Every structure is written in structure tokens, then in C-alpha cells.
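Listed here are the chains, written in short residue letters.
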Amino acid sequence: ERRKRQRIAPFAALMLLAGPSNFVLYKVLFAAYGPASAVFVMQGVNLLYVTYGAVALYVVRREITPEMRACPKGPFAIMALLDCLGGLLAAL
């Protein structure tokens, strides 16, 4: 159990840093590309989140049980859509 926590801790720290850095990235990229490129900026930040998430899942891939995989994914898709819309509105 302790070993699992030690393996996950660096990735949890990375995710905690990724959240606030999202707003910094938005500001820097909007300043560089301007409001006309808002969708491009959003997709760049989303690509970073996908990369971070993929690395975190890769680390724990053998620990995911069939019960975990059977979890309904619809609510998470709705949350992702709302997050995307929130980012778009923040960019406009």
C-alpha cells in the first residue's frame, strides 16, 4: 500500500501543478496569438491535459480492475463537455 502511494505521489503533484498552470498558459498563449486564435489555444492546453492523464494512467494500468472499467462514463463525458465550454467562454 505504501509503495503504491509513493508511485502515485509524483503524478499527483504534477496534476496539482498542471491545474494552476492552465490559467498561466491561457494568458501567455492569448497574449502571443490574440483572441482570434482562442480555439487553437484551448486545444493546445487540452493536449497537455490528455498527455498528463495518459502518463498517469500508464503508471497504474495494471491496477485497474474490471469493476473500475465497468463504471458509467456518461457523467465524465458531460463534465468534459462543460469544462470545454467553460474554457471557450473564458477565452472569449
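Everything that follows concerns the structure shown earlier in this document.
Position labels on residues start from 1 in each chain and follow its written sequence. Under the rules for a predicted model, residues below a pLDDT of 70 receive no local features and side-chain atom pairs below 80 are neither given nor counted, while totals for whole chains, interfaces and linings still include all residues. Just so you know, side-chain values use all the structure's heavy atoms and leave hydrogens and water out.

Peer 1: Describe the overall build of the protein chain, and please don't skip the residues or the numbers.
Peer 2: A run of H or I in DSSP becomes a helix once it reaches four residues, and a run of E becomes a strand once it reaches two; helices and strands are each numbered from the N terminus. On a plain count of helices and strands, the protein chain comes out with four helices and zero strands. Secondary structure of the protein chain in N-to-C order comes out as α-α-α-α. For the protein chain, the C-alpha atoms occupy an extent of roughly 45 × 30 × 15 Å along the three principal directions. In the protein chain, which comprises 92 residues, the proportion classed as buried is 14%. Contacts in the protein chain between residues far apart in sequence, at least 24 positions, make up 59% of those at least 6 positions apart. Just so you have it, the protein chain exposes about 7300 Å², and 73% of that area is on carbon and sulfur atoms. In this tally Asp and Glu are treated as negative and Lys and Arg as positive; neither His nor the chain ends contributes. Note that the charge is assigned to NZ on lysines, CZ on arginines, CG on aspartates and CD on glutamates. Charged side chains of the protein chain number 10 positive and 4 negative; the gap between the two group centres comes to 7 Å. Buried residues are those whose accessible area, probed at 1.4 Å on protein chains only, stays under 20% of the maximum for their type, while exposed residues exceed 50% and partly exposed ones sit between those limits. Residue contacts are counted whenever heavy atoms from the two residues lie within 4.5 Å of one another. Surface accessibility follows the Shrake-Rupley procedure with a 1.4 Å probe radius. Residue values consider only the protein chains on display as shielding.

Peer 1: Quick rundown of the packing of aromatic side chains? Include the residues and the values.
Peer 2: Aromatic pairs are defined between Phe, Tyr and Trp rings, using the six-membered ring for Trp, whenever the two ring centres lie within 6.5 Å; interplanar angles under 30 degrees are classed as stacked, those over 60 as edge-to-face, and all others as tilted. Within the structure shown, the criterion is met by zero aromatic pairs. A cation over a ring is seen here: Arg 61 above Tyr 58, with NZ or CZ 3.9 Å from the ring centre. The rule is short: NZ of Lys or CZ of Arg within 6 Å of the ring centre and within 35 degrees of the ring normal puts a charge over the ring.

Peer 1: Can you explain helix H1 (residues 2-33)? Please cite residues and give values.
Peer 2: The first and last C-alpha atoms of H1 sit 45 Å apart over 32 residues, in line with the 46 Å expected at 1.5 Å per residue. Ser 21 marks the point of greatest bend in H1, at about 35°. Where H1 terminates, the next one or two residues include Gly 34, which has phi positive at roughly 85°. A helix's residues, less one, multiplied by 1.5 Å, set its expected span. One axis fitted to the seven residues ending at a residue, another fitted to the seven starting there: the angle between these axes is the bend at that residue.

Peer 1: Outline the nonpolar core, supporting the account with residue identities and numerical values.
Peer 2: Within the largest apolar cluster, six residues are counted, these being Tyr 26, Phe 30, Ala 38, Val 41, Met 42 and Val 45. If you tally residues by element for this core, the top one is helix H2 (residues 38-59), at four residues. Apart from the residues within four sequence positions on either side, Tyr 26 is in contact with Val 41, Met 42, Val 45 and Gly 87. Buried Ala, Val, Leu, Ile, Met, Phe, Trp, Tyr and Cys residues that are joined via side-chain atoms within 4.5 Å together make up what is termed a nonpolar core.

Peer 1: Could you give me a rundown of a nonpolar patch on the surface, with the residues and numbers involved?
Peer 2: Each patch is built from residues lacking any salt bridge and having more than 30% relative accessible area; the joining distance is 9 Å for like charges and 5 Å for nonpolar side chains (Val, Leu, Ile, Met, Phe, Trp, Tyr). Whenever Lys or Arg places a side-chain nitrogen within 4 Å of a carboxyl oxygen from Asp or Glu, that contact is recorded as a salt bridge. Among the surface-exposed residues, Ile 78, Leu 81, Leu 82 and Leu 85 lie close enough to one another that they form a single nonpolar patch of about 400 Å² accessible area. Locating Leu 81 in the fold gives a position in helix H4 (residues 74-91).

Peer 1: I'd like to hear about the environment of Tyr 52, residue by residue, with values.
Peer 2: You can see Tyr 52 is positioned in helix H2. Looking at Tyr 52, the relative accessible area reads 25%, which means it is partly exposed. Residues contacting Tyr 52, with those up to four places away along its chain left out, are Leu 14, Met 15 and Ala 18.

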